[in-house]
Amino acid sequence: MSELLTVDGTQAALTTRYAGALMNTFGAPKRVLVRGEGAYLWDADGNKYLDLLGGLAVNCLGHAHPFVVSAVTSQLATLGHVSNFFASAPQIALAEKLLGLFDAPEGVTGKVFFTNSGTEANEAAFKITRRTGRTKIVSTIGAFHGRSMGALAVTWKPAYREAFAPLPGDVEFVPYGDAEALAAAVDDQTAAVVLEPIQGENGVVVPPDSYLQAARRITSEHGALLWIDEIQTGIGRTGSWFAFEKDGITPDLVTVAKGLGAGIPIGACIGLGAAADLLQPGNHGTTFGGNPVAAIAGLAVLTVIERDGLLDQVNAIGNHLTDAVTALDHPLIEGVRGRGLLLAIQLTQPVSDQVAALALEAGFIVNNPIADALRLAPPYILGKADADSFVAALPGLLDKVEI
Ligand code: PLP
């Protein structure tokens, strides 16, 4: 890199500079990271980490994947950005490719609106719901859909919402996984029901098997849209392109982001059936959404997942990790839940912050979304030996926890 762009320094020096220059929205950074390769990361002091979090379910192909690097680099050198008065071939090809991933019934076609993030994909979906002429949205307790005002309005956590009231209104929250509560809340005034197929930020909460089918039935009965937020679960994370696939339903709206760009910011709101045409010229827009570089990254990611059979790999490594952690039979481990490579290790005590910190010290990046569970969302390319190195270290880490 050019000497004009020298951005290095020690961990301590960079952490101090961070505190002076960045808004304090995330607290102090746990480490300053300088390089990634495959499933590994290195910090500014040269320490190496196994990345079992994948940039929070983003780096699905690991770090510096050669196919993505080459696609993005050559796109940037060819055509980096165009305004929305013009189209680009990568944008069109990615939209087509995404639509091809849906197993929609005969005659149901779809359309895509590209964004730069998950919250913006949900923002687009929120606006689409308003175009039904109805305003009521039913969301769920524990839901996380993003931090912009519309997405926040359907996000549950009071600590995230309260300081920003009033949010866009007419949102009702019902217990997650409870089809009867959903049926009682949805009526002929309901514009949409928004659901994560697995609640990720709430600690990888998996609903009962028939829940999404019930949600499809209930919304259809009342002419409401079913909006499935696949931002964390989609693009192969749970071992299929979308987590809702196993339920055999067709939603009206599907939002994705995170894994789609594998590190290049891109999201999408996909409308299927009539919902695909609710936004019309002038209703919505974005300067960067679907920019050629981000779109080619998305195309590269989908191509590599297909080419390398990574959906099977996600299932195989996910099952292996689940079985191996369960077999540890440690008194602090209650069990493992989740699907594919979106897993939570449920602890018997509220000590996930301690375990995550001890793991980091030992060279493993995991996270603690709730007090008594650890979340794993590693790259799909995680090898069995890498996974085993974490499983082998885990009992020793748990033994160090102070209760
Ligand atoms: N929806 C879900 C299910 C998420 O997990 C997230 C992020 O964690 C979002 C929406 C928001 O995405 P972003 O952080 O890209 O805005």
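Before reading further, recall that the structure is shown in the block above.
The structure displayed is predicted, hence computed values, not measured ones. (Residues numbered from 1 in each chain as written. Predicted model: local features only at pLDDT ≥ 70, side-chain atom pairs only at ≥ 80, totals over all residues. Heavy atoms only, no water.)

## Quick word on the sheet that holds strand β13 (residues 364-365)
Across the sheet, four strands lie side by side as β1-β2-β3-β13; this open sheet has mixed pairing. For this open sheet the edge positions go to β1 (33-37) and β13, each flanked by a neighbour on one side alone. Bridge analysis of strand β3 (residues 48-51) against β13 gives two bridges, and the strand direction is parallel. Residue pairing for β13: Asp51 is matched across the bridge by Ile365. (Pairing = 2+ DSSP bridges. Helix = DSSP H or I, 4+ residues; strand = E, 2+ residues; numbered from the N terminus.)

## Things to note about the nonpolar core
Generally speaking, nonpolar side chains in soluble globular proteins are found buried as a group. Leu94, Leu98, Leu182, Leu260, Ile305, Leu321 and Ile345 are the most contacted members of the largest nonpolar core, which totals 84 residues. For this core, the element with the highest residue contribution is helix α10 (residues 292-307), accounting for 11 residues. Aside from chain neighbours lying at most four places away, what touches Leu260 is Leu94, Leu98, Ile235, Ile266, Gly267, Ala268, Ala297, Gly298, Val301 and Leu302. Ranked by size, the runner-up nonpolar core spans 17 residues in total, among them Phe126, Ile128, Leu167 and Trp227. (Core = buried A, V, L, I, M, F, W, Y, C linked by side-chain atoms within 4.5 Å. Buried < 20%, exposed > 50% of the residue type's maximum accessible area, 1.4 Å probe, protein only. Contact = heavy atoms within 4.5 Å.)

## Structural notes on the pattern of salt bridges
Applying the stated criterion across every chain yields a total of 14 salt bridges. Note that Arg31 is salt-bridged to Glu361, the shortest N-O span being 2.9 Å. Taken together, the residues Arg31 in the loop between α1 (11-21) and β1 and Glu361 in helix α12 (residues 352-361) connect sequence positions 330 residues apart. We note a salt bridge from Glu221 to Arg217, for which the minimum N-O separation is 4.0 Å. One end of the pair, Glu221, and the other, Arg217, are both in helix α9 (residues 211-221), four residues apart, so they sit about a helical turn from each other. Given the relative accessible area of 55%, Glu221 is considered exposed. (Salt bridge = Lys/Arg side-chain N within 4 Å of Asp/Glu carboxyl O.)

## Thoughts on the side chain of Glu230
Mapped onto the elements, Glu230 comes out in the loop between β8 (225-229) and β9 (253-256). Of the buried charged residues, Glu230 lacks a salt bridge, with Arg339 as the closest side chain of opposite charge at 7.4 Å. One polar contact links the side chain of Glu230 to the main-chain amide nitrogen of Phe244, over a distance of 3.0 Å. Each residue touching Glu230, except ones within four places of it in the same chain, is listed here: Pro197, Phe242, Ala243, Phe244, Val254, Thr255 and Val256. (Lys, Arg positive; Asp, Glu negative; His and termini not counted. Polar contact = N/O pair within 3.5 Å; in protein donor to acceptor, adjacent residues only side chain to side chain.)

## Some remarks on the pairing of β1
Relative to strand β2 (residues 40-43), β1 is paired through four bridges, and the arrangement is antiparallel. Paired with Gly36 across the strands is Leu41, a residue of β2. What sits between the antiparallel neighbours β1 and β2 is a turn of two residues, in which Gly38 has the positive phi angle 60°.

## Digging into the pairing of strand β5 (residues 136-140)
Where burial is concerned, most of β5 is hidden: five out of the five residues are buried. Here β5 shows no split at all, with Lys136, Val138 and Thr140 on one side and Ile137 and Ser139 on the other all buried. Strand direction decides the pairing type here: β5 and strand β7 (residues 190-195), joined by three bridges, are parallel. Looking at β7, one finds that Ile137 is bridged to Ala192. Pairing of β5 with strand β6 (residues 171-174), which is carried by four bridges, proceeds in the parallel orientation. Following the sheet pairing, Ser139 is matched in β6 by Phe173.

## Things to note about the sheet that holds strand β15 (residues 373-376)
The antiparallel open sheet is built from four strands, whose spatial order is β11-β12-β15-β14. Each having just a single partner strand, β11 (333-339) and β14 (367-370) make up the two edges of the open sheet. Across this sheet, the average inter-strand angle for adjacent strands is 30°, counted without regard to direction. Packing against the sheet, helix α13 (residues 384-399) makes contact with β11, β12 (342-347) and β15, and its axis sits at approximately 25° to β12. (Axes fitted to C-alpha atoms, helices over the stretch in contact; angles between N-to-C directions.)

## Details of the site of the ligand
Around the ligand sit 13 residues in total, of which Gly118, Thr119, Asp229, Gln232 and Lys258 are the nearest. For the ligand, an oxygen atom lies 2.8 Å from a polar atom in the backbone of Thr119. In the complex, 82% of the free accessible area of the ligand, which totals 390 Å², lies under the protein chains. The element contributing the most residues to the shell around the ligand is helix α5 (residues 118-130), with three residues. Of the residues belonging to the shell around the ligand, the class tally is two nonpolar, seven polar and four charged. (Near = heavy atom within 4 Å. Areas by Shrake-Rupley, 256 points an atom, 1.4 Å probe, with all protein chains shown as cover. Nonpolar A, V, L, I, M, F, W, Y, C, P; charged D, E, K, R; others polar.)

## Here's the deal with helix α3 (residues 66-78)
Its 13 residues give α3 an end-to-end C-alpha distance of 18 Å, which sits within 8% of 18 Å, the value for a rise of 1.5 Å per residue. Taken together, the buried positions of α3 are Val68, Ala71, Val72 and Gln75. Looking straight down α3, one finds that the buried residues subtend no more than 90° of arc, so they occupy a single side. Across α3 from its buried face, at more than 90 degrees, point the exposed residues Pro66 and Ala77. Buried positions along α3 lie against α4 (89-100) and α10. (Expected span 1.5 Å × (residues − 1). Arc of directions from axis to C-beta.)

## What about the packing of α3 against α10?
For the pair α3 and α10, the least separation of the axes is 9 Å and the interaxial angle reads 155°. Compared by their axis directions, α3 and α10 come out roughly antiparallel. Our pair here, α3 against α10, has a crossing hand that is right-handed. Contacts between α3 and α10 involve Phe67, Val68, Ala71, Val72, Gln75 and Leu76 on the former and, on the latter, Pro292, Val293, Ile296, Ala297, Ala300, Val301, Thr303, Val304 and Arg307. For the contact of α3 with α10, the residue count by class is 12 nonpolar, two polar and one charged. (Parallel < 35°, antiparallel > 145°, perpendicular 65-115°, else oblique. Left-handed = near helix turned anticlockwise from the far one by under 90°.)

Shape is all these values report; function is a separate question.
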